[in-house]
Amino acid sequence: SQGDPSDLYTVADLTTVWIELSVPTADLDLVEEGQPLTITSGRGGKTGKGRIKFVSPLINPETRAARIIGELDNESLVWRPGAAVTASIQIQTEAVDVIVPREALQTIRGEQAVFVRTPGGFQKRKVVTGRSDGEAVEIISGLSAGEEIAITNTFLLKAELGKGSIESE
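We now turn to the structure provided with this report. These numbers come from a predicted model, not from an experiment.

Summing up its helical and strand segments, the protein chain has two helices and 12 strands in all. Rg of the C-alpha trace for the protein chain: 23 Å, well past the compact-globule value of 15 Å for 169 residues, more than 25% over. Looking at the protein chain residue by residue over its 169 residues, the buried ones come to 28%. Within the protein chain, contacts between residues separated by at least 24 positions form 58% of all contacts whose residues are at least 6 apart in sequence.

Let us look at the nonpolar core. The biggest cluster of nonpolar side chains holds 14 residues, and the ones touching the most others in it are L28, I39, V55, I68 and L72. At the level of elements, β1 (16–24), β2 (36–41), β3 (47–60) and β4 (65–73) are the ones that each hand at least two residues to this core. A per-element tally of this core places β1 first, with four residues. Apart from the residues lying within four places of it in its own chain, the contact partners of L28 are V23, V55, I59, A66 and I68. V100, A104, V116 and V137 belong to the second largest nonpolar core, which has 11 residues in total.

Sheet architecture is open: three strands sit in the order β6-β11-β10, paired in antiparallel fashion. The two strands at the open ends of the sheet, each matched to only one other strand, are β6 (99–101) and β10 (128–132). When the angles between neighbouring strand axes are averaged without regard to direction, this sheet yields 40°. Here three bridges tie β10 to strand β11 (residues 136–141), and the two strands are oriented antiparallel to one another. Paired with V128 across the two strands is S141, which belongs to β11.

Okay, the sheet that holds strand β5 (residues 85–89) next. Here five strands make up an open sheet; going across it, the order is β1-β4-β3-β2-β5 and the pairing antiparallel. Every other strand in the sheet has two partners, leaving β1 and β5 as the edge strands with one partner each. Neighbour to neighbour, the strand axes of the sheet diverge by 40° on average, direction disregarded. Strand direction decides the pairing type here: β3 and β4, joined by seven bridges, are antiparallel. Opposite R51, over in β4, you have E71 as the bridge partner.

What follows concerns the side chain of S41. Summarising the element assignment, S41 is placed in strand β2. Owing to a relative accessible area of 11%, S41 belongs among the buried residues under this scheme. The residues touching S41, leaving out its near neighbours within four places in the chain, are K46, W79 and A84.

Tallying each qualifying case throughout the model produces zero aromatic pairs. Between K46 and the ring centre of W79, over which it is positioned, the NZ or CZ distance is 4.9 Å.

Our next topic: helix α2 (residues 154–163). All of the buried residues along α2 are T154, L157 and L161. For α2, the buried positions fall inside an angular range of 50° around the axis, keeping them on one side. Exposed and oriented more than 90 degrees from the buried face of α2 are F155, G162 and K163.

Time to look at the environment of N74. Inspection of the secondary structure assignment puts N74 in the loop between β4 and β5. Residue N74 is classed as buried on the basis of its relative accessible area, which comes to 0%. In this structure the C-alpha to C-alpha distance between N74 and Q123, which are 49 residues apart in sequence, comes to 43 Å. Leaving out residues up to four positions away in the same chain, N74 has contacts with L14, T15, T16, V17 and W79. Separated by 2.8 Å, the side chain of N74 and the backbone oxygen of L14 make a polar contact.

The rules behind these values
- Residues numbered from 1 in each chain as written.
- Predicted model: local features only at pLDDT ≥ 70, side-chain atom pairs only at ≥ 80, totals over all residues.
- Heavy atoms only, no water.
- Helix = DSSP H or I, 4+ residues; strand = E, 2+ residues; numbered from the N terminus.
- Rg over C-alpha atoms; globule rule 2.2 N^0.38 Å.
- Buried < 20%, exposed > 50% of the residue type's maximum accessible area, 1.4 Å probe, protein only.
- Contact = heavy atoms within 4.5 Å.
- Core = buried A, V, L, I, M, F, W, Y, C linked by side-chain atoms within 4.5 Å.
- Pairing = 2+ DSSP bridges.
- Axes fitted to C-alpha atoms, helices over the stretch in contact; angles between N-to-C directions.
- Phe/Tyr/Trp six-rings, centres within 6.5 Å; stacked < 30°, edge-to-face > 60°.
- Lys NZ or Arg CZ within 6 Å of the ring centre and 35° of its normal.
- Arc of directions from axis to C-beta.
- Polar contact = N/O pair within 3.5 Å; in protein donor to acceptor, adjacent residues only side chain to side chain.

Here you go:
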């Protein structure tokens, strides 16, 4: 019969999805349209990159937060509307000469160090660190751009250093 619910269809283009975020008023002055954001799924750790599309001028009186809309490319169709996600908004970028992943650093006798690849293996190198974003750390001195360093399993290299198997600077 005409009007039967089985005859209704929903057509959706999911190649781009919008993400609705809630930002507390204390952080609202740092957020603006066009800023990059990274989306992470609650399970499985999927990540995606997008941009802030809209910042609401209204504050929800109950939550004391504003509604933010992010836009995310979804060509692979891995993001589904209605799913819960976490977002990180990039509020500032600064150029640095040398940067390393946080996991590359080890604290040895109270000093920050990395392990530099040499023809004979790895060598401990003391470094002076600067700013960090939680994932990467600026190296102010002790390491030059282009030098190869160990990034994973550096705790094993630290243990070998304690045994005398690795060269110190």
